[in-house]
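Understanding the architecture of this molecule
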There are 2 protein chains.
Amino acid sequence: MRNVSIALLGCGTVGKGVIDLLAMNGPLIEEQLKTKITIKWVLIRDLQKYESMDLPEPIMLTTNFDDIINDDDVEIVVEVMGSADFAKECIEECFKRKKSVVSANKDLIADYGIPLLKLSQEHNADFQFEASVAGGIPIVRPMYSSLNSNIIEEIIGIMNGTTNYILSNMTEKGMSYEDALEEAKEKGYAEADPTNDVSGYDAARKIAILATLGFHSAVTFNDVTVEGIENITQEDIRHATEMGYVIKLLAIARQDDDGISLNVHPSFIRKGHPLANVGGAYNAVFVRGNCVGDVMMYGQGAGSLPTASAVVSDVMNVILHFNINITGQREFVWHEVKLKNQSSICAPYYLRMVVNNAPGVLAGISRVLADYNISIRSLLQKDETTEIAEIVILIDSSSDGLVKESLQKIESLSCVRKVANAIRVIEV
Amino acid sequence: MRNVSIALLGCGTVGKGVIDLLAMNGPLIEEQLKTKITIKWVLIRDLQKYESMDLPEPIMLTTNFDDIINDDDVEIVVEVMGSADFAKECIEECFKRKKSVVSANKDLIADYGIPLLKLSQEHNADFQFEASVAGGIPIVRPMYSSLNSNIIEEIIGIMNGTTNYILSNMTEKGMSYEDALEEAKEKGYAEADPTNDVSGYDAARKIAILATLGFHSAVTFNDVTVEGIENITQEDIRHATEMGYVIKLLAIARQDDDGISLNVHPSFIRKGHPLANVGGAYNAVFVRGNCVGDVMMYGQGAGSLPTASAVVSDVMNVILHFNINITGQREFVWHEVKLKNQSSICAPYYLRMVVNNAPGVLAGISRVLADYNISIRSLLQKDETTEIAEIVILIDSSSDGLVKESLQKIESLSCVRKVANAIRVIEV
Ligand SMILES: NC(=O)c1ccc[n+]([C@@H]2O[C@H](COP(=O)([O-])OP(=O)(O)OC[C@H]3O[C@@H](n4cnc5c(N)ncnc54)[C@H](OP(=O)(O)O)[C@@H]3O)[C@@H](O)[C@H]2O)c1
Ligand SMILES: NC(=O)c1ccc[n+]([C@@H]2O[C@H](COP(=O)([O-])OP(=O)(O)OC[C@H]3O[C@@H](n4cnc5c(N)ncnc54)[C@H](OP(=O)(O)O)[C@@H]3O)[C@@H](O)[C@H]2O)c1
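As the structure is a prediction and not an experimental result, all values here were calculated from the model.

Observations concerning the site of ligand 2
Residue and element names in this part refer to chain B.
- Among the 21 residues in the neighbourhood of ligand 2, the closest are listed as C11, V14, K49, Y50 and G303.
- T13 has a polar backbone atom sitting 2.9 Å from an oxygen atom of ligand 2.
- Against a free-state accessible area of 900 Å², the protein chains account for coverage of 79% of ligand 2.
- For the shell around ligand 2, the elements supplying multiple residues, two or more each, are α1 (13-33) and α2 (47-51).
- Per-class residue counts for the shell around ligand 2 are 11 nonpolar, seven polar and three charged.

Okay, structure coming up:
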């Protein structure tokens, strides 16, 4: 049986998962490939930290990338380090040496996916990155090889497990944002510095990757308008529940004749919708194609073995390509991008305001909205104390720009203490 | 630009969808393939019926398959007729002439998928059949090219839109089975003779195909134990709802060290489960891999354009294979199958019995269950009249064989009028 030697860059959650998965499922994988996969090298940066790790034969640990790049045996390099600059250098070096690369590195791919794909093809190498979006869920390959008969109109993802876990706990257990975040940290769902997740950057990277493939457009992380979940309170959650909605952090990519929009923001989504039921640390990606209609892929978007499942399936694809001599032969199409102006993007909104409990407040607020041609779908006033009241308004679909302007105007009304939140309602 | 000529066998719901889809999305498809797709022939059997159809140039209608098989221009044949014997003959003939085939024909593939795949490879032709399972939902290709790093443990599908539509209407609108079936016929979801759908045969074919790919095992339709939804009544639906369950027709394939089981039957599934929320004519396939964990694919399992989406993505794959000279090169692995004895398959059950409203009835029934070592999880007695009562029992996981025997014994008790239903509870 032919043997393919691979190297791992990094041996953390995902790297260890790859080692474990190959140990568990090796025979079935080899049978399918008629090829044996041997992990020859694992790159780490601190030998001491990994020395005591029980690694299967014949894995060698190294802190020197040169050991790997100069080893002609190594045909596939699996990049599971997660840094940006160093990982990019390594991957470029691999392509130049005709080594194929499998990567789970969304940070890198969201920014440099297309140039890296191009470089890989110049050198007849494969570049695969299924695990960079939604961990174990098959979505990257289905997007370009199963849904590619469609004009993709919309991609909506719950693609960050940490924020979904926090929001689920706020909804189901009535926890405050702070307590839910604390619990997520304790259980290992959130990192010590959770900014990347709770501010929406992680989801933004993933939607940039999917929009690149689905819309055949060269977009990057910088094209995504991002809003995190830090301002969601128990009040918002309760109002959502009462009104028949769930709050989720959605990553939304839309394409129509006028261009593309890319957003990450907390969203109201109707309870019956399949995305509303995606709980805990699960992920889901909802895609609307002009012919297939709505499809959704659901599963574990993170974790050692689930992510390794995607990484190893990529490795298997590369080996299948080796075996029939077609490495580096998948072509992609990219169109020029026309990004929509963020202020023109429309949605219904949920607005929550804290106001003085005085006559004329509602009239004042309604007046401002009417002036901006924004129509009110429903309105709820709750007296908090004799002095303060809370007003919750659901407005019909209005543009981001208009909503922002009107809220500034409302906040300047003397009777309004603050606009506490404005959350888009996503109707799919 | 290179041109690939294709022929359609059949021009019904799916065939017309393929024509429409290529008309709508042709430019984007051609750009991806760097190849133009031309439908040259459409095989039908009644020229008069199709004469008035507005077909785009240069499509030619024919009733003679020889026109197609003898046309060397035709590189791909799309079989969307749906018959069994004739379709099989046509496809075999195509392979022998080195024409690749895309088919949506689950009946054929559930029975002859493997021999046809083998024949295609002998002749260096491609054989693709994404649309044969769950219409537009990407599942066939993800199963063998994305989830293939896993040992697949379980595949559970809601893969028949007709029965799901009927059960959803019975649940949501309180309709009787008969009325729901009538409405499904009126709306075009059920055929005039709905046997194939309501008896579970259609779902059985699809689970046989998925089990073949997922378990690498040569199973066919005949290996599936099938039960339809004809006996589900409003009483069962109401009890399910009260107990926190939904009734769905599930197709279930399981694999463990002892072998494989393949079943289609109505099932209780807990309300919170993602499969429980798959409503109306939607389909979903839930897969459990030993590393990826639970993933689910959801979408439209039928319909003209959704199914055409899968068919055309298959055609695109074949053309990509043409363009890099790898047609017929995907290899599959099949293991010998050990099918489990049906009577050994275990599940908790919901049992509904109609009994005489007399003392000692419960004692009699409990006695029988105890004799078979079946333990009762919960029990509900409802007095229907002064004479008749209904008893609903949820039993702990017990083997199919034991349950059947015990129910026979219970039915022979003089106080029991009938065992009205026994439905498995699927705990995933
Ligand atoms: N975790 C998931 O569930 C998941 C899911 C999808 C995608 N991903 C992506 O997969 C990648 C890896 O994630 P992870 O969770 O496995 O991260 P991790 O647990 O932090 O592991 C990273 C590994 O890379 C090593 N490393 C980092 N920088 C290095 C350098 N410059 N030279 C040598 N070794 C270096 C680390 O070594 P030290 O121990 O010395 O730090 C560690 O072994 C990331 O791109 C991540 O976004 C992760
Ligand atoms: N409909 C769906 O949503 C769907 C979804 C997934 C898979 N499929 C599968 O796709 C296939 C086609 O389904 P469909 O719904 O399109 O069926 P359909 O609407 O009944 O169309 C079948 C077409 O094939 C023609 N045909 C049948 N036998 C023929 C023969 N011996 N010679 C020439 N033409 C023949 C029919 O002609 P006549 O008009 O003369 O009968 C008709 O044009 C089936 O295998 C089905 O299981 C369908």
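Details of the site of ligand 1
Residue and element names in this part refer to chain A.
- Surrounding ligand 1, one finds 21 residues, the nearest of these being V14, R45, K49, Y50 and G303.
- At 2.9 Å, a backbone N or O of T13 approaches an oxygen atom of ligand 1.
- Interatomic distance of 2.7 Å between a backbone N/O atom of G303 and an oxygen atom of ligand 1.
- For ligand 1, whose unbound accessible area comes to 890 Å², protein coverage reaches 79%.
- Of all the elements in the fold, those that place two or more residues in the shell around ligand 1 are α1 (13-33) and α2 (47-51).
- Tallied by class, the residues present in the shell around ligand 1 amount to 11 nonpolar, seven polar and three charged.

Examining the interface of chain B and chain A
- In this complex, chain B contributes 50 residues to the contact, which on the side of chain A involves 50 residues.
- Here chain B packs against chain A, burying approximately 4400 Å² in sum over the two surfaces, 57% of which is carbon and sulfur.
- Looking only at chain B, the three residues that lose the most surface to chain A are S149(B), C291(B) and Y298(B), adding up to 14% of its buried area.
- Counting every contact that joins chain B to chain A gives two salt bridges.

Structural notes on the UniProt feature "binding site: NADP(+)" (unreviewed entry) in chain A
Residues and elements named next belong to chain A.
- Under the present numbering, the feature "binding site: NADP(+)" (unreviewed entry) in UniProt falls on L9, G10, C11, G12, T13, V14, G15 and K16.
- You can see G10 is positioned in the loop between β1 (2-9) and α1.
- Not counting chain neighbours up to four residues away, the residues in contact with G10 comprise G15, V42, L43, V80 and M81.
- With respect to the helices and strands, the residue V14 is situated in helix α1.
- Ignoring any residue separated from it by four or fewer positions in sequence, one finds V14 in contact with V80, T307, A308 and V311.

A few points about the relation of the copies chain B and chain A
- Once turned by 180° and shifted 0.0 Å along the axis, chain B lies on chain A with an RMSD of 0.0 Å. A rotation of that kind, with that shift, is consistent with a two-fold axis. No C-alpha of chain B approaches the rotation axis more nearly than that of M297(B), which lies at 2.3 Å.
- Both copies share a contact surface, since 100% of the interface residues of chain B are interface residues in chain A too.

Digging into the side chain of S168(A)
Residue and element names in this part refer to chain A.
- Here S168 lies in helix α7 (residues 161-172).
- Under the relative-accessibility criterion, S168 is labelled buried at 6%.
- Of the polar contacts made by the side chain of S168, one reaches the backbone oxygen of N164; its length is 2.7 Å.
- For S168, the side chain forms a polar contact with the main-chain nitrogen of G280, separated by 3.1 Å.
- Those residues within four positions of S168 in sequence are excluded, and the remaining contacts are K173, K248, G279 and G280.

Section: the domain arrangement of chain A
Residue and element names in this part refer to chain A.
- The domains assigned to chain A are domain 1 (2-132 + 304-323), domain 2 (140-300) and domain 3 (342-426).
- Measuring from the centre of the C-alpha atoms in domain 1 to the corresponding centre in domain 2 gives 28 Å.
- Between domain 1 and domain 2, the residue contacts involve 14 residues of the former and 17 residues of the latter.
- Interface area for domain 1 against domain 2, summed over the two sides, is near 1200 Å², with a carbon-plus-sulfur share of 58%.
- Inspection of the domain 1/domain 2 interface yields three salt bridges.
- A salt bridge links R141 to D314; the shortest N-O distance between them is 2.3 Å.
- One can count five residue pairs in polar contact (both at pLDDT 80 or more) joining domain 1 with domain 2.
- Sorting the residues of the side of domain 1 that touches domain 2 by element identifies α5 (106-122) and α12 (304-323) as the ones contributing at least two each.

Some words on the pairing of strand β13 (residues 346-356) of chain B
Residues and elements named next belong to chain B.
- The element β13 is largely enclosed, with a buried count of nine among its 11 residues.
- Note: β13 against strand β15 (residues 388-399), 10 bridges, orientation antiparallel. The residue bridging A347 from the neighbouring strand is S398, located in β15.

Looking at α7(A)
All names here are of chain A.
- When the terminal C-alpha atoms of α7 are compared, their 16 Å separation across 12 residues agrees well with the 16 Å that a helix rising 1.5 Å per residue should span.
- With 10 of 12 residues buried, α7 is to be regarded as a mostly interior element.
- Here α7 has its buried residues at G161, T162, T163, N164, Y165, I166, L167, S168, N169 and M170.
- Here the buried face of α7 lies against β7 (152-158), α8 (177-186), α9 (195-198), α11 (234-242), β9 (245-256) and β11 (282-289).
- For α7, the N-terminal capping position is held by N160, with its side-chain oxygen 3.3 Å away from the main-chain nitrogen of T162.
- Where α7 ends, the next residue or the one after it, G174, has phi of about 65°, a positive value.

A look at the nonpolar core
- Judged by nonpolar contacts, the single largest core of 164 residues is most densely connected at I155(A) and I155(B).
- In this view, I155(A) contacts M143(A), I207(A), L210(A), A211(A), G214(A), F215(A), A251(A), I252(A), A253(A), V285(A), F286(A) and V287(A); residues no more than four positions away in its chain are not counted.

Things to note about the sheet that holds strand β3 (residues 60-62) of chain A
All names here are of chain A.
- Here we have six strands laid out as an open sheet, ordered β3-β2-β1-β4-β5-β6, and parallel in their pairing. The strands lining the two open edges of the sheet, one partner per strand, are β3 and β6 (127-128).
- Strand direction decides the pairing type here: β1 and strand β2 (residues 35-43), joined by eight bridges, are parallel. The residue of β2 that forms the bridge with V4 is I37.

Observations concerning the packing of aromatic side chains
- Under the defined criterion, the tally for this structure stands at 18 aromatic pairs over all chains.
- Of the aromatic side chains, those joined through ring pairs into one cluster are F95(A), F127(A) and F129(A).
- Stacked on the ring of F221(B), the Lys or Arg R205(B) has its end atom at 4.3 Å from the ring centre.
- Here the guanidinium or amino end of R330(B) rests over the ring plane of F332(B), the centre of that ring lying 5.9 Å away.

Rules and cut-offs
Residues numbered from 1 in each chain as written. Chains lettered and ligands numbered in written order. Predicted model: local features only at pLDDT ≥ 70, side-chain atom pairs only at ≥ 80, totals over all residues. Heavy atoms only, no water. Near = heavy atom within 4 Å. Polar contact = N/O pair within 3.5 Å; in protein donor to acceptor, adjacent residues only side chain to side chain. Areas by Shrake-Rupley, 256 points an atom, 1.4 Å probe, with all protein chains shown as cover. Helix = DSSP H or I, 4+ residues; strand = E, 2+ residues; numbered from the N terminus. Nonpolar A, V, L, I, M, F, W, Y, C, P; charged D, E, K, R; others polar. Contact = heavy atoms within 4.5 Å. Buried area = accessible area lost by both parts, 1.4 Å probe. Salt bridge = Lys/Arg side-chain N within 4 Å of Asp/Glu carboxyl O. UniProt positions renumbered as here; feature names shortened; annotations may be inferred. Least-squares fit on C-alpha atoms with pLDDT ≥ 70 in both. Buried < 20%, exposed > 50% of the residue type's maximum accessible area, 1.4 Å probe, protein only. Domains from an automatic or database assignment. Pairing = 2+ DSSP bridges. Expected span 1.5 Å × (residues − 1). Core = buried A, V, L, I, M, F, W, Y, C linked by side-chain atoms within 4.5 Å. Phe/Tyr/Trp six-rings, centres within 6.5 Å; stacked < 30°, edge-to-face > 60°. Lys NZ or Arg CZ within 6 Å of the ring centre and 35° of its normal.

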